[in-house]
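Fold and geometry: a report
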Amino acid sequence: QVQLVESGGGLVQPGGSLRLSCAASGFTFSSYGMSWYRQAPGKERELVAGITPTGGYRNYADSTKGRFTISRDNAKNTVYLQMNNLAPEDTAVYYCRAVVSGRPYWGQGTQVSVSP
């Protein structure tokens, strides 16, 4: 079955960096686009970044452009989110997502907290 497992979250000071990873299994990873979402307390889940199956096209939320970079390693079935210059408003649970055969799958999420 499809499984997505995020890791790499933590507590970081403003201006710091983190790299999130999402290990995928149970489907042909290299055939599917992947995306990262986040959900802050009291807010709706929002798209952070997406990447096509070969990595040739990436899109970002306006709030993360220039600071976050999504990438993937199809040999490792893993998608990454490099987050630089983090700000308190980036505090959220970050989820990776795949849509396989028309059905969305989510990981369990990883907490990112940005605080002095």
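What counts, and where the lines are drawn
Going along each chain's sequence as written, the residues are numbered from 1 onward. pLDDT decides what is reported in this predicted model: residues at 70 or higher carry local features, side-chain atom pairs at 80 or more are listed and counted, and totals for whole chains, interfaces and linings draw on all residues regardless. Neither water nor hydrogens contribute to the side-chain values; these are computed over all heavy atoms in the structure. A run of H or I in DSSP counts as a helix once it spans at least four residues, and a run of E counts as a strand once it spans at least two, with each numbered from the N terminus. We take the radius of gyration over the C-alpha atoms and set the globule estimate at 2.2 Å times the residue count to the 0.38 power. Under the scheme applied here, a residue whose accessible area is under 20% of the maximum for its type counts as buried, over 50% as exposed, and between as partly exposed, the area being computed with a 1.4 Å probe on protein chains only. We call two residues in contact when some of their heavy atoms are within 4.5 Å. Strand pairing is assigned whenever DSSP detects at least two bridges linking the two strands. For helices, the axis comes from a line fit to the C-alpha atoms of the stretch in contact; other axes are also lines fit to C-alpha atoms, and the angle between any two N-to-C directions lies between 0 and 180 degrees. Two cysteine sulfur atoms make up a disulfide if the distance between them is within 2.5 Å.

On to the overall build of the chain. Of regular secondary structure, the chain possesses zero helices and 11 strands. Starting at the N terminus and walking to the C terminus, you meet the elements of the chain as β-β-β-β-β-β-β-β-β-β-β. The C-alpha atoms of the chain give 13 Å as radius of gyration, which agrees with the globular expectation for 116 residues (13 Å, within 12%). Structurally, the chain occupies a C-alpha span of about 40 × 25 × 20 Å along its principal axes. Looking at the chain residue by residue over its 116 residues, the buried ones come to 42%. By sequence separation, contacts in the chain at least 24 residues apart represent 51% of the contacts at least 6 residues apart.

This brings us to the sheet that holds strand 1 (residues 3-7). The strands that make up a sheet pair up through hydrogen bonds in the backbone, lying either parallel or antiparallel. Taken in spatial order, the four strands make up an open sheet running 1-3-8-7, and their pairing is antiparallel. Strands at the two margins of the open sheet, each flanked by one partner only, are strand 1 and strand 7 (68-73). Taking each pair of neighbouring strands and ignoring which way they run, the sheet shows an average axis angle of 15 degrees. Alignment of strand 1 against strand 3 (residues 18-25), held across five bridges, turns out to be antiparallel. Along strand 3, the bridge assignment pairs Glu6 with Cys22.

So, on to the pairing of strand 7. Burial along strand 7 is one-sided: the residues Phe68, Ile70 and Arg72 are buried and none of Thr69, Ser71 and Asp73 is. The sheet contact formed by strand 7 and strand 8 (residues 78-83) spans six bridges and is antiparallel. Bridge pairing links Ser71 to Tyr80 in strand 8. Counted between consecutive antiparallel strands, the loop separating strand 7 from strand 8 contains four residues, among which Asn77 sits at a positive phi close to 55 degrees.

Tallied over the entire structure, the rule returns one disulfide. Disulfide pairing places Cys22 opposite Cys96 at an S-S distance of 1.9 Å. In this structure the cystine formed by Cys22 and Cys96 twists about its S-S bond by roughly 45 degrees; its chirality is therefore right-handed. Linking Cys22 in strand 3 with Cys96 in strand 9 (residues 92-100), this pair joins segments that are 74 residues apart in sequence. Residue Cys96 is classed as buried on the basis of its relative accessible area, which comes to 0%.

So, on to unusual backbone geometry. For Asn85, which is not glycine, the phi dihedral falls at a positive 50 degrees. Looking at the element boundaries, Asn85 is found in the loop between strand 8 and strand 9. Not every positive phi belongs to a glycine, and Ser101 is a case in point at roughly 50 degrees. Structurally, the position occupied by Ser101 is in the loop between strand 9 and strand 10 (103-106). Overall, Ser101 belongs to the exposed group, its relative accessible area being 71%.

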